[in-house]
Amino acid sequence: PALYRQRHQFVIDFVKKNQPRKVVDLGCGECSLLKYLKFHREVELLVGVDINGAKLKKHMHDLRPVSTDYLQPTFDQLRIELYQGSVTQNDTRLRGFDLVTSIELIEHLTLPDVQRFSEVVFGHMVPVSVIVSTPNSEFNPLFPGLKGFRHHDHKFEWTRAEFQSWALKVSAEYGYEVEFTGVGEAPTGQQERVGFCSQIAVFQRLKGRDDGNILFGDDAEDEFSYTLLYSITY
Ligand code: SAM
């Protein structure tokens, strides 16, 4: 299957195994991951955030229920919301989720914005689990004719060591543990040397940090920096 499908399948497999109830996809773009996730009935709240409001408006109607959705008897408790906003800004409505996904997003941010992203996701949203995927630059020599980055909008592409050093640092700082994997295998014999085409970090919040269940103080100032563009209750 195409690489983007493999990345989305990775998230779907994680959802099947871990059964998160509230999921937010950061940089959801054309909403294709959300479209797959809405079929997983453990999920009660599915949120997408993207800085590109026009892109969201173009694709959001694909998230509306189709008649067959109601043929599944237990398909009742789903709400989908789409926000236009930047992952460099806090929004109180995104706190307390079970899973945050960020698929091929961070490489579109400048390094100071990656720092803000880390603070927003791990310091403000404080989800139970986080999945981050980004290109692995060590794989690039296997693309014939590729000079520079895989996409003109990429601000960087990291080696495995660079990605792991960022991920280990945020884990230590915010109380998470992290495991590394990826999708898109190299030809036989080269896998170990170049790694996966897309590298993936899976973070889990350490239990000791807040007994697994974070209570957010009511006294904290609410910050609503995102704009709700679409919401639907199934
Ligand atoms: N996650 C999708 C996927 O896997 O197909 C889309 C990935 S696309 C390469 C990157 C997306 O990140 C774009 O839709 C872009 O608009 C969005 N994006 C870039 N900077 C952002 C920011 N600061 N905040 C939120 N979204 C952002």
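Residues numbered from 1 in each chain as written. Predicted model: local features only at pLDDT ≥ 70, side-chain atom pairs only at ≥ 80, totals over all residues. Heavy atoms only, no water.

J.: I tried to follow the site of the ligand on my own but got confused; where do I start?
T.: Surrounding the ligand, one finds 15 residues, the nearest of these being Gly27, Asp50, Lys55, Ser86 and Ile103. Contact distances for the ligand include 3.2 Å between a nitrogen atom and a backbone N or O atom of isoleucine 51. In this structure, serine 86 approaches the ligand through a side-chain N or O atom, which is 3.0 Å from a nitrogen atom. (Near = heavy atom within 4 Å. Polar contact = N/O pair within 3.5 Å; in protein donor to acceptor, adjacent residues only side chain to side chain.)

J.: Where do I start with the packing of aromatic side chains in this structure?
T.: By convention here, two paired aromatic rings are described through the distance between centres and the angle between planes. Counted according to the given criterion, the structure contains twelve aromatic pairs. Plain terms: the ring middles of tryptophan 158 and phenylalanine 163 are 6.4 Å apart, the flat faces sit at 35° to each other, and that makes the pair tilted. Take tryptophan 158: its relative accessible area is 10%, and that puts it in the buried class. Grouping aromatic residues by their ring pairs yields a cluster made of Phe117, Phe122, Phe156, Trp158, Phe163, Trp166, Tyr174, Tyr176, Phe180 and Phe203. Between lysine 22 and the ring centre of phenylalanine 97, over which it is positioned, the NZ or CZ distance is 5.7 Å. (Phe/Tyr/Trp six-rings, centres within 6.5 Å; stacked < 30°, edge-to-face > 60°. Buried < 20%, exposed > 50% of the residue type's maximum accessible area, 1.4 Å probe, protein only. Lys NZ or Arg CZ within 6 Å of the ring centre and 35° of its normal.)

J.: Sorry, what's going on with the sheet that holds strand β6 (residues 176–183) here?
T.: Sheets are built from strands that pair by backbone hydrogen bonding, the pairs being arranged parallel or antiparallel. The strand order across the open sheet formed by eight strands is β6-β7-β5-β4-β1-β2-β3-β8, and the pairing between neighbours is mixed. The outermost strands of the open sheet, each flanked by one partner alone, are β6 and β8 (227–233). In this sheet, neighbouring strand axes are inclined to one another by 15° on average, regardless of whether the strands run parallel or antiparallel. One ladder, built from four bridges, connects strand β1 (residues 22–26) with strand β4 (residues 99–103); its direction is parallel. Within β4, the position partnered with leucine 26 by the bridge is serine 102. In the packing of helix α5 (residues 160–174) onto the sheet, the strands contacted are β5 (129–135), β6 and β7 (198–205), and the crossing angle to β6 comes to about 155°. (Pairing = 2+ DSSP bridges. Helix = DSSP H or I, 4+ residues; strand = E, 2+ residues; numbered from the N terminus. Axes fitted to C-alpha atoms, helices over the stretch in contact; angles between N-to-C directions. Contact = heavy atoms within 4.5 Å.)

J.: What's the story with the pairing of β4 in this structure? I'm lost.
T.: On any regular strand, side chains alternate: one points to one face of the sheet, the next to the other face. Counting buried positions over the five residues of β4 gives five, a clear majority of the element. Neither face of β4 is open: one carries Leu99, Thr101 and Ile103, the other Val100 and Ser102, and all of them are buried. Pairing of β4 with β5 involves five bridges; the strand directions are parallel. Its bridge partner lying in β5, serine 102 is registered against valine 132. Viewed along the sheet, the connection from β4 through helix α4 (residues 111–125) into β5 turns out right-handed. (Right-handed = clockwise from strand over helix to strand, strands pointing away.)

J.: Can you help me understand the nonpolar core in this one?
T.: As a rule of thumb, nonpolar side chains are buried together in soluble globular proteins. By size, the foremost hydrophobic cluster in this structure holds 34 residues, and its most contacted members are Leu26, Phe117, Phe122, Trp166 and Phe203. Looking at this core, the elements that each hand over two or more residues are β1, β2 (45–50), α4, β5, α5, β6 and β7. Core analysis: the second largest hydrophobic core is formed by 27 residues, Leu33, Leu56, Met60 and Leu99 among them. (Core = buried A, V, L, I, M, F, W, Y, C linked by side-chain atoms within 4.5 Å.)

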